[in-house]
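# Notes for the structure review
Okay, here's what each chain looks like letter by letter:
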Amino acid sequence: MESTAISEKEIVLVILYTSFFFIILAVVLIVFFYFSRKKIIQKEIEKKDSEIEHQKELLKAVIETQETERKRIAQDLHDDISSKLNVVALNAHLLTTPNLSIQELEGIKSNVIALTGKALENSRKIAHDLLPPVLEKFGLDAGVEELCMEFSSAKGVEVIYHNEVTFDETETRRHLHVFRILQELLNNSLRHGKATKMTVSFVSNGAYVKCLYTDNGIGFDEANCAQKKGLGLKNIESRISFLKGSLSFQSEVNKGVNVEFIF
């Protein structure tokens, strides 16, 4: 009877110890999963905060670009158009002066014609910068081809353009962003990269289009964030964001720049 009683006590103790062990294990697992989940949530929050901060930076870049563009247009209108029209108005007023000789009249008329022509030329240039007519009328392919030709002829550099994609002519708004990205890249290659040769290529990438851009400039150190900002990367990133595309930017000092973006 005693051995049976002892055996029952041992069984009870085993059950108690086992129950206690599982209770402790359950508590440990609950605490572990709680803190693990908390850590995961914290990382997700930090990731979201980082994405929001990045979006804020892109929005800031867009606003700054718009303000810079407005100032440039205002400056062009004031310096080129307004000043010339003022001189035209002054010359037109001189025509009302009595007893002008034929030679004086011809001189005033020549000045008015010349200044009016220059004002018209500058106004066309401003309108072209705002929305290139070729891009609007004939599409992205023709617009980029003209852009490359303009850089080749006006800037004294070699720009090679290749395209194997047929673009949808109804997507003018999206294509304007692509055009501005390439404009920014070409300007950066000249101003910052001191490049003498650039290439622009469009290739098909499934349902998307891939643009490949290279130059033979001095390049930059990718680890140097200040240089990236100086190259207008934020402005390019903001346009890529609007296109819902992706961007990769590779460069080394004295080895030029390689840019690839998909849209």
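Preceding this section is the structure that the text describes.
Model, not experiment: these values are computed from the prediction. Per chain, residue numbering runs from 1 following the sequence as it is written. Restriction of local features to residues with pLDDT of at least 70 applies here, the model being predicted, together with a cutoff of 80 or more for giving and counting side-chain atom pairs; totals for whole chains, interfaces and linings are based on all residues. No hydrogens and no water enter the side-chain calculation; it runs on all heavy atoms of the structure.

## Thoughts on the overall build of the protein chain
Our working rule: A run of H or I in DSSP counts as a helix once it spans at least four residues, and a run of E counts as a strand once it spans at least two, with each numbered from the N terminus. The classification of residues rests on relative accessible area computed with a 1.4 Å probe and restricted to protein chains. Under 20% of the type maximum is buried, over 50% is exposed, and intermediate values are partly exposed. Whether two residues touch is decided by their heavy atoms; if any such pair falls within 4.5 Å, the residues are in contact. Note on areas: Shrake-Rupley with a 1.4 Å probe; residue coverage comes only from the protein chains shown.
Along its length, the protein chain carries seven helices and five strands. When the elements of the protein chain are put in sequence order from the N terminus, they spell out α-α-α-α-β-α-β-β-α-α-β-β. Going through the 263 residues of the protein chain one by one, you find that 29% of them count as buried. Sequence-distant contacts in the protein chain: of pairs separated by 6 or more residues, those separated by 24 or more amount to 67%. Entry remark: accessible area of the protein chain is about 17800 Å², with carbon and sulfur atoms responsible for 60%.

## Digging into the packing of aromatic side chains
Note the threshold: Aromatic contacts are taken between Phe, Tyr and Trp rings whose centres are within 6.5 Å, Trp giving its six-membered ring; a plane angle under 30 degrees counts as stacked, one over 60 as edge-to-face, and the others as tilted. To sit over a ring, a charge needs its Lys NZ or Arg CZ within 6 Å of the ring centre and within 35 degrees of the ring normal.
Considering all chains together, one arrives at eight aromatic pairs under this definition. Pairing Phe21 with Phe22 gives two aromatic rings, centres 5.5 Å apart and planes at 70°, and the pair type is edge-to-face. Centroid distance Phe261 to Phe263: 5.9 Å. Interplanar angle 35°. Geometry classified as tilted. Here Phe261 matches Phe263 in class, with each residue buried. Site record: aromatic cluster; members linked through ring pairs are Tyr161, Phe167, Phe202, Phe261 and Phe263. Here the guanidinium or amino end of Lys155 rests over the ring plane of Phe151, the centre of that ring lying 5.9 Å away.

## Points about the layout of surface pockets
Our working definition: In the cavity and pocket records, a cavity denotes points on a 1 Å grid over the protein atoms alone where a 1.4 Å probe fits but cannot get out, a pocket denotes an open set with protein on both sides within 12 Å along at least 5 of 7 lines, and lining residues are residues with an atom within 4 Å of a point. Grid points are joined across faces, edges and corners, and a volume is the space filled by probe spheres set on the points.
Volume-wise, the second largest pocket comes out at about 210 Å³. Lining the second largest pocket we find Val165, Thr166, Phe167, Asp168, Glu171, Arg174, His175, Ser204, Ala207, Tyr208, Val209 and Phe263. Residue assignment for the lining of the second largest pocket shows that the elements contributing at least two residues are α5 (172-191) and β3 (208-215).

## Comments concerning the side chain of Ser189
Along the chain, the position of Ser189 falls in helix α5. For Ser189, a relative accessible area of 2% corresponds to the buried category. Beyond its immediate chain neighbours, meaning those up to four positions away, Ser189 contacts Lys194, Ala195, Met198, Tyr213 and Asp215.

## Digging into helix α7 (residues 233-243)
Every buried residue of α7 is listed here: Leu233, Asn235, Ile236, Ser238, Arg239, Ile240 and Leu243. Positive phi appears at Lys244, one or two residues downstream of α7, with a value of about 55°.

## Section: the nonpolar core
The test is simple: Think of a nonpolar core as a cluster: buried Ala, Val, Leu, Ile, Met, Phe, Trp, Tyr and Cys residues, connected wherever their side-chain atoms sit within 4.5 Å.
In this structure, Val144, Leu182, Leu185, Phe202, Phe261 and Phe263 are the most contacted members of the largest nonpolar core, which totals 34 residues. Mapped by element, the contributors of at least two residues to this core are α4 (140-154), β1 (158-163), α5, β2 (197-205), β3, α7 and β5 (257-262). For this core, the leading source of residues is α5, giving six residues.

## Details of the sheet that holds β1
Here is the rule: Strand pairing is defined by DSSP finding a minimum of two bridges between the two strands. Lines are fitted to the C-alpha atoms to define the axes, a helix being fitted only along its stretch in contact, and any angle between axes, read from their N-to-C directions, falls within 0 to 180 degrees.
Spatially, the five strands line up as an open sheet ordered β1-β2-β3-β5-β4, and their pairing is mixed. In the strand order of this sheet, the two ends are held by β1 and β4 (246-251), each with one partner. Adjacent strand axes in the sheet meet at a mean angle of 10°, parallel and antiparallel pairs treated alike. In this sheet, β3 lies alongside β2 in antiparallel orientation, the contact comprising eight bridges. Looking at the pairing, Val200 lines up with Tyr213 of β3. Against the sheet, α4 contacts β1 and β2, and its axis sits at roughly 165° relative to β1. Sheet contacts for α7: β4 and β5; angle to β4, the most-contacted strand, approximately 155°.

## Description of the pattern of salt bridges
Rule in force here: Salt bridges, as used here, are contacts in which a Lys or Arg side-chain nitrogen is within 4 Å of a carboxyl oxygen on Asp or Glu.
By the definition in use, this model includes four salt bridges. One salt bridge connects Glu106 with Lys109, and the closest N-O pair in it is separated by 3.4 Å. Placement of both Glu106 and Lys109 in helix α2 (residues 102-130) is noted, with a separation of three residues, approximately one turn of the helix. Overall, Lys109 belongs to the partly exposed group, its relative accessible area being 42%. Lys210 is the salt-bridge partner of Glu260, the closest N and O atoms lying 3.8 Å from each other. Here Glu260 is found in strand β5, whereas its partner Lys210 is found in strand β3, with 50 residues between them in sequence. Judged by relative accessible area, which is 29%, Glu260 ranks as partly exposed.

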